[in-house]
Amino acid sequence: MFYQIFEALDRKFSVERAQAHCDIPCGIYDPITAQIAALTVVRMMDLMADAEAKGHDNHAAFINSMARYIAVKEEHAEKAKHEVRVIWGDYIKPEHVEKHPELTELVFKIMKLGSKVRQTVDRQTGLDFVEAINQFAAIFWETKGVAVKRAKAPYAPALEMVYPNL
Amino acid sequence: MFRLLKVTGESLSPLYKEGDFVVIATLPFFLRRLRQGDIIVFQHSLYGTLIKIVERVLPAEDAVYVIGTSEESLDSRRLGPISQSAIKGKVLWHIAKPNN
């Protein structure tokens, strides 16, 4: 009965909220979003290299395709960085860093690589970006007590990815 | 003196769940007598009004160390001790959302 009274008060006067805070619903953290975004960056680099190699009779169409590849590369590089920042900021705790002291440097490296893959079309930088986020994923799953496996992504560019071995 | 608040988030689940109401006492009389296990509401400059469990009282620092029940809870493990001046109230009455 009290609940219904307070619920009515809340509807009328909008009671202040006290947050039992988790930025996103508790437990829903997964580095796979960052991994796929990084993979997309390499895919865009490959598509750009292919388009360039094939040559182009229709310049406008070529520019249009390139613009789209670049836009997706930009978007996904930033998305990968964002997803890593969310896990770093909201999930990783001092005890995780204590156990994996390389984590701080690794996150810093991911941020730098995420910027570099936007500035260039250097495939090796893209591969380094994917691998750095793979290493981040491996540490993340270790903190969850979940074993990981490495397997090739079932889509182009079919790079090796770290997956939870569920 | 007393205030009504509604809980959001699940970092205190299953003790306190999304949609529960709490009545807090804001009187210094209550806030100066905090003990381990008390549920408090406090203000954080970045995250706003938070509700957590007092894990221990730190008299020398005039602060408390707070935790949640969830592994992913944002609490003193990341925020550090919560100063007494940031504490807005202590929960006196918990009105759980009925299970439908």
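Up top is the structure.
What you see is a predicted model; the values in this text were computed from it and never measured.

Caption draft 1: Summary view of unusual backbone geometry. A cis amide bond links A156 of chain A to the next residue, P157 of chain A, at an omega of 5°. Topologically, P157 of chain A is positioned in the loop between strand 2 (148-152) and strand 3 (160-164). Residue P14 of chain B is bonded to the preceding S13 of chain B through a cis peptide linkage, with omega at 10°. One can find P14 of chain B in the loop between strand 1 (2-8) and strand 2 (21-25). The backbone of S14 of chain A sits at a positive phi, close to 55°, despite the residue not being glycine. You can see S14 of chain A is positioned in the loop between helix 1 (2-13) and strand 1 (16-19). Judged by local crowding, S14 of chain A falls into the exposed class, with 9 C-beta atoms found within 10 Å.

Caption draft 2: Spotlight on the environment of W93 of chain B. Residue and element names in this part refer to chain B. With respect to the secondary-structure elements, W93 resides in strand 7 (residues 87-95). Along the backbone, W93 and V22 are 71 residues apart, and their C-alpha atoms lie at a distance of 5.6 Å. Residues within four places of W93 in sequence aside, it is in contact with V22 and V23.

Caption draft 3: Region of the structure containing the environment of R33 of chain B. All names here are of chain B. Relative to the helices and strands, R33 is located in the loop between helix 1 (28-31) and strand 3 (39-44). The class for R33 is exposed, based on 10 C-beta atoms found within 10 Å. Remark: the alpha-carbon pair of R33 and K90, spanning 57 residues in sequence, is separated by 9.7 Å.

Caption draft 4: Looking closely at the interface of chain B and chain A. Taken together, the contacts link 28 residues of chain B with 19 residues of chain A. Among the secondary structure elements, those contributing two or more residues to the side of chain B that touches chain A are strand 1, strand 2, strand 4 (48-58) and helix 2 (76-79) of chain B. Considering every element that reaches the side of chain B that touches chain A, the biggest residue donor is strand 1 of chain B, with 5 residues. The residue inventory of the side of chain B that touches chain A, partitioned by class, reads 14 nonpolar, 8 polar and 6 charged. Of the pairings in the sheet, the one linking strand 1 of chain A to strand 1 of chain B comprises 4 bridges and is parallel in character. Bridge assignment links R17 of chain A to a residue of strand 1 of chain B, and that residue is K6 of chain B.

Caption draft 5: Here's a closer look at helix 5 (residues 102-119) of chain A. Residues and elements named next belong to chain A. The end-to-end C-alpha distance of helix 5, which contains 18 residues, comes to 26 Å, matching closely the 26 Å that a straight helix rising 1.5 Å per residue would cover. Within helix 5, burial applies to V107, I110, L113, G114 and V117. On an axial view of helix 5, the arc spanned by its buried residues comes to 125°, and they lie on one face. Projecting away from the buried face of helix 5 at angles above 90 degrees are the exposed residues T104, E105, F108 and Q119. Where helix 5 is buried, its residues meet helix 2 (32-54), helix 3 (59-91) and helix 6 (123-143).

Conventions adopted
- Residue numbers run consecutively from 1 along every chain, following the written order of its sequence.
- Ligands are numbered from 1 and chains lettered from A, in the order in which they are written.
- Since the coordinates come from a predicted model, pLDDT governs what is reported: local features require at least 70, and pairs of side-chain atoms require 80 or more to be given and counted, while whole-chain, interface and lining totals use all residues.
- By the criteria applied, helices consist of DSSP H or I runs no shorter than four residues and strands consist of E runs no shorter than two, each listed in order from the N terminus.
- Exposed residues have 12 or fewer other C-beta atoms within 10 Å of their own C-beta, buried residues have 20 or more, and partly exposed residues fall in between, where C-beta atoms are placed from the backbone.
- Here, residues touch in the contact sense if the C-beta positions derived from the backbone fall within 7 Å of one another.
- When residues are sorted by character, Ala, Val, Leu, Ile, Met, Phe, Trp, Tyr, Cys and Pro go into the nonpolar class, Asp, Glu, Lys and Arg into the charged class, and all the rest, Gly among them, into the polar class.
- A pair of strands is considered paired only if DSSP assigns at least 2 bridges between the two.
- Here the expected span of a helix is defined as 1.5 Å times the quantity of residues minus one.
- The directions from the helix axis to the C-beta atoms are what the arc is built from.

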